[in-house]
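# Chains, contacts and geometry: an overview
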Amino acid sequence: MHQTTSSLQTNRQICQSLVVTVWIAILVAGGELAAQSPDRGQEIFVQHCVQCHGARNEGVAGQFDHPIAGPATREELGSFIEQTMPVGNPELVAGEDAGRVADFILRNFLAGPEQAAPPRIELSHLTVTQYENSLADIFAGLVGTTRPETAGGLSAEYRNSREFWKSDPLLARTDSRIRFDFGEASPDAEKIQAEEFSIVWSGSIFAPETGTYEFVVDTPNGFKLHVNNDDVPLIDGWVSTPEAPRHSATIKLLGGRWYRIYLPYHKFKDPVAAIQLGWRLPGARTVSEIPPGYLSGQWVQRVFVVETHFPPDDSSTGYPRGTLVSREWDEATSAAAIETADFVLEGFEKLVGTPPGSETAGAGAREFCAKFASAAFRKPLSDEEKQLYISDFFDTAGSPALQLKRSLMAILKSPRFLYPELVAPANPGRLRANRISLFLTDSIPDNPQLQSAWSGGLQTREQVLEHSRRLLDDPRSRAKIRQFFVEWLEMDAAAEVSKDPDRFAGFDDALVGDLKTSLQLFVDHTVWEGQGDFRQLFLSSEIWMNARMKKFYAIDTAAEAGEAEAAAAESGEAKSAAAESGVAGSGADETLSGDLFQPVSMDSAERAGLLTHPLLLSKLAYFRSTSPIHRGVFVSRRLLGWQLKPPPVAVDPLGEDYDLAMTTRQRVEFQTRADNCMSCHRVINPLGFALERLDAVGRARDSDNAHPVDTHVIHYAANGQPHELNGPRDLAEYLVGERETYRNFVESIFQHLVKQPVAAYGDDLADRLTGDFMKNGCNVRELILDIVAEAAVFETKKE
């Protein structure tokens, strides 16, 4: 035990020294602004700018609380200063004076090394998501987990007895859904009796995103539901309870993975028989049906999902990163190590391959820990590592179970596991294999990558791209990319959307769930099908809809069905591609309520991709009315990447009852007319006004408060160039014509994949990636591969 304690203390000291190193770097990077010889730009800044920004760009409370930050060219910054600064009197700094101030700011605050350390690749531990996925894949590699080859439903076996384990099935088939109401009848009059029978559904279920899932079974009969655990049921309702037919329980699942599911069900002496299985997705407000594309009749191995609660990752930069080290994080890694060791001990015989009390238990446990350590450290163990993490524990007194537990805890507390790049391996291929997997799957390298790295592969960009392309088709990668769009478009915030039921009858929780599914399907289809053209996210006039959405948004389903049939007949297809697809890894095509989602062509004058998707428009609106400010801020910040200062004071918006003769646009113009407001609203308002054609739930309208809707605006780009826009289509075409849109997307998805600032990989990388992205047809998949290739080889190339 002394050696175990010593090893753990050593590892904790290493982690603590890393904290000290990080803080020293931060302190060294600080310092006073270096003395500069006075120039005209500095004089103007002191005269007109310090009262809001401070002499050293530290910000001034109540004026401009944050330092000036963000990438900008001299032309962009000078134009912005000339048009808006100082607040209320922009004419005081105009012409070449604005350019001189821009030079001073760029030289001292945005690029000056004395003001702040330049972006760098920071030493980072595994994020929470990376930790969870890495542990799951370590076990997957040890037990040989596979994914099902087909999807579309669960395997079903029907018998004439509740004791299903005693006889062979009389009927075997695949059930695409578990939604049956047999009443007093039999599931099959020819083979199954009505008085007593059983059904066993089995196979696997796909989790599209990481989070807590609630499984719900509605039945007056007996059943047991197992999810990711053959031994312990998630819900045990084997004794029927007709008076309380709804049963539910929650379980945490990692996105992009398949899980075992097993559901035996029986009717015995009950008047009727019925059963329905549903789930509530993470963040959803309603229970919905599981799509057939998320079900398979094939078994998979159990996935280890660590339950330990970790403190949230630092997301102050806009994306989660593993730079925050705290007592809570240290305690969480210890608790997770104990949980993992206990999981192995509970399944000792299955995982180690021998009973814990057998003569071979010690040798088996030693071999298991050696394999576990090699997977956790992402490389073969050195002699020193074998001694430190294996022999030091198994050569001491104690049972094989105790030795195994101590060894696993030391491995999982080691910086070699927690800090993937703490020590770069001598073989650069191993480092690249590790990075590729972290960037695309938030996990450890798989066997093909490791074998390539160990045999001297992954030495060229082409070899890196080969493995990256293979991994990009992995459901885990697709789940990670889907999560990027959820975060980038702030989809989860829409879960709290609610509207006035009198004004917007039918806009309920179920519809909100449909809207999120609709937007996800639109993004999935745009990214993964065809050319993967980023521009179509803005230019497409299609919205994916099910029957409920079509009804609410007044789509003529009869006419649409006729058009679909005509198109199918013309192309020789009996069914639409959307109806045929459904494998969850590429985005299921069914709603979670069971209705088929299909793309519906809308009026291109009023519909322009995600800009006009009802989910985002509803989220960026009030309970009863639209909000041009929220919509304009979203376009400015999320789509163009502009940094907007917070409002000087909190102001409640003027409600509809302020002046019944005013439109929403007129009220916003009236309230933001002051000079200190217009410094930002000059940018925000036109972008929001261009979307006023769509109401608070995303339905098209011609009037607002009995006045015609006015979407005509003049928008000034960052370089000062005016753009005349009239409606969402013009706004969408403006966005796809601006380089800022592409660069912002490049930087955003880079940070999501790599968990590091793009500028740390070279001053020109963002521009180079953006240029290549635009030249290569704006293919999102190729951009992802380009990012992975650049970031995976960067440090090695630099060294």
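Residues numbered from 1 in each chain as written. Predicted model: local features only at pLDDT ≥ 70, side-chain atom pairs only at ≥ 80, totals over all residues. Heavy atoms only, no water.

### Structural notes on the pattern of salt bridges
Scanning the model with the defined rule gives 52 salt bridges in all. Put simply, Glu669 and Arg665 hold a salt bridge, and the shortest N to O gap is 3.1 Å. Of this pair, Glu669 and Arg665 both sit in helix α24 (residues 664-671), 4 residues apart, which is roughly one turn of the helix. One network of salt bridges, in which partners are shared, links Asp137, Arg147, Arg257, Asp474 and Arg476. (Salt bridge = Lys/Arg side-chain N within 4 Å of Asp/Glu carboxyl O. Helix = DSSP H or I, 4+ residues; strand = E, 2+ residues; numbered from the N terminus.)

### Digging into the confidence of the model for the chain
Looking at the chain as a whole, the pLDDT averages 85, with 85% of positions reaching at least 70. Per-residue pLDDT stays below 50 along residues 111-116; that stretch engages in 13 contacts with residues further than four places along the chain or on separate chains. Scored below 50 in pLDDT, residues 564-594 shows 63 contacts in the model against residues more than four places distant or in partner chains. (pLDDT = per-residue confidence, 0-100. Contact = heavy atoms within 4.5 Å.)

### Overview of unusual backbone geometry
The residue Ala554 is not glycine, and still its phi comes out positive at about 55 degrees. Its location among the elements puts Ala554 in the loop between α19 (547-552) and α20 (557-571).

### Examining the environment of Ser296
Checked against the element boundaries, Ser296 lands in strand β12 (residues 295-296). Sequence-wise, Ser296 and Thr174 are 122 residues apart; in three dimensions their C-alpha atoms are separated by 8.9 Å. Among all residues touching Ser296, those that are not within four sequence positions of it are Pro148, Thr150, Ala151, Gly153, Leu154, Ser202, Gly203, Ser204 and Trp258. Within the structure, the side chain of Ser296 is placed 3.2 Å from the backbone nitrogen of Gln298, a separation counted as a polar contact. (Polar contact = N/O pair within 3.5 Å; in protein donor to acceptor, adjacent residues only side chain to side chain.)

### Description of the packing of helix α6 (residues 128-143) against helix α7 (residues 327-346)
Packing of α6 against α7 leaves a shortest axis separation of 13 Å and a crossing angle of 20 degrees. Comparing their axes, α7 and α6 come out roughly parallel. Relative to α7, the crossing made by α6 is right-handed. Where α6 approaches α7, its residues Tyr131, Leu135 and Phe139 are matched on the opposing element by Thr333, Ala336, Ala337, Thr340, Phe343 and Val344. Split into classes, the residues belonging to the contact of α6 with α7 amount to 7 nonpolar, 2 polar and no charged. (Axes fitted to C-alpha atoms, helices over the stretch in contact; angles between N-to-C directions. Parallel < 35°, antiparallel > 145°, perpendicular 65-115°, else oblique. Left-handed = near helix turned anticlockwise from the far one by under 90°. Nonpolar A, V, L, I, M, F, W, Y, C, P; charged D, E, K, R; others polar.)

### Re the packing of aromatic side chains
Evaluation of the coordinates by the stated rule reveals 39 aromatic pairs. Plain terms: the ring middles of Phe139 and Phe343 are 5.3 Å apart, the flat faces sit at 85 degrees to each other, and that makes the pair edge-to-face. Of the two residues, Phe139 is situated in helix α6 and Phe343 in helix α7; the sequence distance between them amounts to 204 residues. Taken individually, Phe139 and Phe343 each receive the classification buried, so the pair is uniform in this respect. For the ring pair Phe485 and Phe745, a centre distance of 6.1 Å and an interplane angle of 35 degrees mean the geometry is tilted. Here Phe485 is found in helix α16 (residues 475-488), whereas its partner Phe745 is found in helix α27 (residues 739-754), with 260 residues between them in sequence. Per residue, the accessibility class of Phe485 equals that of Phe745, and both read buried. Members of the aromatic cluster, each reached through a chain of ring pairs, are Phe484, Phe485, Trp488, Phe534, Phe538, Tyr742, Phe745 and Phe773. We note Arg162 situated over the ring of Phe268; from NZ or CZ to the ring centre the distance is 3.9 Å. For Arg478, the ring lying beneath its charged end belongs to Trp528, and the centroid distance is 4.0 Å. (Phe/Tyr/Trp six-rings, centres within 6.5 Å; stacked < 30°, edge-to-face > 60°. Buried < 20%, exposed > 50% of the residue type's maximum accessible area, 1.4 Å probe, protein only. Lys NZ or Arg CZ within 6 Å of the ring centre and 35° of its normal.)

### Observations regarding the nonpolar core
Grouped together as the largest cluster of nonpolar side chains are 141 residues, with contacts concentrated most on Phe368, Leu404, Phe485, Phe507, Phe534, Phe538 and Phe745. By residue number, the principal contributor to this core is helix α29 (residues 780-798), which donates 11 residues. In this structure Leu404 touches Val344, Leu345, Phe348, Val352, Ala365, Phe368, Cys369 and Phe394, once residues within four positions along its chain are discounted. Judged by nonpolar contacts, the second largest core, of 42 residues, contains Ile205, Leu254, Ile261 and Leu263. (Core = buried A, V, L, I, M, F, W, Y, C linked by side-chain atoms within 4.5 Å.)

### Regarding the packing of α27 against helix α28 (residues 765-775)
Viewed as axis vectors pointing N to C, α27 and α28 meet at an angle of 115 degrees, and their least axial separation amounts to 9 Å. Between α27 and α28, the angle falls in the class roughly perpendicular. Of the two possible hands of crossing, α27 and α28 adopt the one that is right-handed. Across the interface between the two elements, Arg739, Tyr742, Arg743, Phe745, Val746, Glu747 and Phe750 of α27 pack against Leu765, Ala766, Asp767, Leu769, Thr770, Gly771, Phe773 and Met774 of α28. Grouping the amino acids of the contact of α27 with α28 by side-chain chemistry returns 9 nonpolar, 2 polar and 4 charged.

### Considering helix α13 (residues 428-441)
Every α-helix carries 3.6 residues per turn, so stepping three or four residues along brings you back to the same face. Across its 14 residues, α13 extends 20 Å between first and last C-alpha, which sits within 8% of the 20 Å expected from 1.5 Å per residue. Most of α13 sits out of view: 12 of its 14 residues are buried. All buried positions along α13 are accounted for by Gly429, Leu431, Arg432, Ala433, Asn434, Arg435, Ile436, Ser437, Leu438, Phe439, Leu440 and Thr441. Phi turns positive one or two residues past the end of α13, at Asp442, with a value near 55 degrees. (Expected span 1.5 Å × (residues − 1).)

### Focus on the pairing of strand β6 (residues 222-227)
Taking burial as the measure, the 6 residues of β6 include 5 buried ones, the bulk of the element. Sheet analysis places β6 next to strand β9 (residues 257-268), joined by 4 bridges and oriented antiparallel. The partner of His226 across the bridge, within β9, is Tyr262. (Pairing = 2+ DSSP bridges.)

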